[in-house]
Amino acid sequence: MSKKNTKKLPARRSPLMTACKVITLMLSLWFSGAMTALSGAGLIYNSDSYGAELKNTGIFLIISAVLMLSGAVLCLFRKKLPNILAILFTAGGLVLCLVMLHKLTDHADMSGWTDKYTMLPVSDMYTRRILPSIVPAALTAIIAAIQLFSQRRTPQSEEKAPSIV
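Keep in mind the model is a prediction, meaning the values are calculated, not measured.

S.K.: Can you break down the overall build of the protein residue by residue, with the values?
M.R.: If you tally the helices and strands in the protein, you get 7 helices and 0 strands. Order of helices (α) and strands (β) in the protein, N terminus to C terminus: α-α-α-α-α-α-α. Counting only residues that meet the buried cut, the protein has 29% of its 165 residues in that class. Working note: accessible area of the protein is about 11200 Å², and carbon and sulfur atoms make up 67% of it.

Have a look at this one:
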């Protein structure tokens, strides 16, 4: 009898990991992309009345959104380099985002900005919009770390490993 030359199919992705990636991407698009980037765009658009300092804050908010979104997209891949970059981009984008949020809310509180309808501080509005971007950034870092540190043993790697016996 001859052995049939069969190849094993690659291991399928975990449905749970795929679901986590989809959820992370959707949350990143909403919180990092829409909320953070559009808040930054609003600061740039109204820079005539806010000043150059807040225009720069808006630019950095957009940069942080791009970094966090790039990290979320890179964690979709299972290769090592994209996952390392996903962690770096996401962490850098989140730190930049939180620093700019702190700067923006301090400026809004010191200037006494309030919502003209509810009379609530505008800093609360910015915090409610931008702070939830922590969730998709954390999910991105967790997914990328799991993919980096999970050991995938394939039959080819076992054949190439040196034998002790």
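S.K.: Now, about helix H3 (residues 52–74): what can you tell me, with residues and values included?
M.R.: Relative to the 33 Å expected for 23 residues at 1.5 Å per residue, H3 spans 33 Å between its end C-alpha atoms, a close match to the ideal helical length. Those residues of H3 that fall on the buried side of the exposure criterion are Leu-54, Thr-57, Gly-58, Leu-61, Ser-64, Ala-65, Met-68, Gly-71, Ala-72 and Leu-74. If you follow the buried residues of H3, they end up packed against helix H1 (15–45), helix H2 (47–50), helix H4 (80–111), helix H5 (122–130) and helix H6 (134–149).

S.K.: Explain the packing of H4 against H5 to me, and be specific about the residues and the numbers.
M.R.: The geometry of H4 relative to H5 is characterised by a closest axis approach of 9 Å and an angle of 165° between their N-to-C directions. It follows from the interaxial angle that H4 and H5 lie roughly antiparallel. Crossing angle aside, the handedness with which H4 passes H5 is right-handed. Taking contact as the criterion, the partners of Cys-97, Leu-101, Leu-104, Thr-105, Ala-108 and Asp-109 in H4 are, on H5, Ser-123, Tyr-126, Thr-127 and Ile-130. The class makeup of the residues in the contact of H4 with H5 is 6 nonpolar, 3 polar and 1 charged.

S.K.: Let's hear about the side chain of Ser-123: which residues, and what values?
M.R.: In this structure, Ser-123 sits in helix H5. Judged by its relative accessible area of 4%, Ser-123 is buried.

S.K.: Residues and numbers for unusual backbone geometry, please.
M.R.: The backbone of Met-119 sits at a positive phi, close to 60°, despite the residue not being glycine. Here Met-119 lies in the loop between H4 and H5. With relative accessibility at 57%, the residue Met-119 sits in the exposed group.

S.K.: How would you explain H6 if you had to name every residue and give the values?
M.R.: Its 16 residues give H6 an end-to-end C-alpha distance of 22 Å, which sits within 8% of 22 Å, the value for a rise of 1.5 Å per residue. Turning to H6, its buried residues are Pro-136, Ala-137, Thr-140, Ile-143, Ala-144 and Gln-147. Mapping the buried residues of H6 onto a view down its axis gives an arc of 130°, with all of them on the same face.

Each value, and the rule that gives it
- Residues numbered from 1 in each chain as written.
- Predicted model: local features only at pLDDT ≥ 70, side-chain atom pairs only at ≥ 80, totals over all residues.
- Heavy atoms only, no water.
- Helix = DSSP H or I, 4+ residues; strand = E, 2+ residues; numbered from the N terminus.
- Buried < 20%, exposed > 50% of the residue type's maximum accessible area, 1.4 Å probe, protein only.
- Areas by Shrake-Rupley, 256 points an atom, 1.4 Å probe, with all protein chains shown as cover.
- Expected span 1.5 Å × (residues − 1).
- Contact = heavy atoms within 4.5 Å.
- Axes fitted to C-alpha atoms, helices over the stretch in contact; angles between N-to-C directions.
- Parallel < 35°, antiparallel > 145°, perpendicular 65-115°, else oblique.
- Left-handed = near helix turned anticlockwise from the far one by under 90°.
- Nonpolar A, V, L, I, M, F, W, Y, C, P; charged D, E, K, R; others polar.
- Arc of directions from axis to C-beta.

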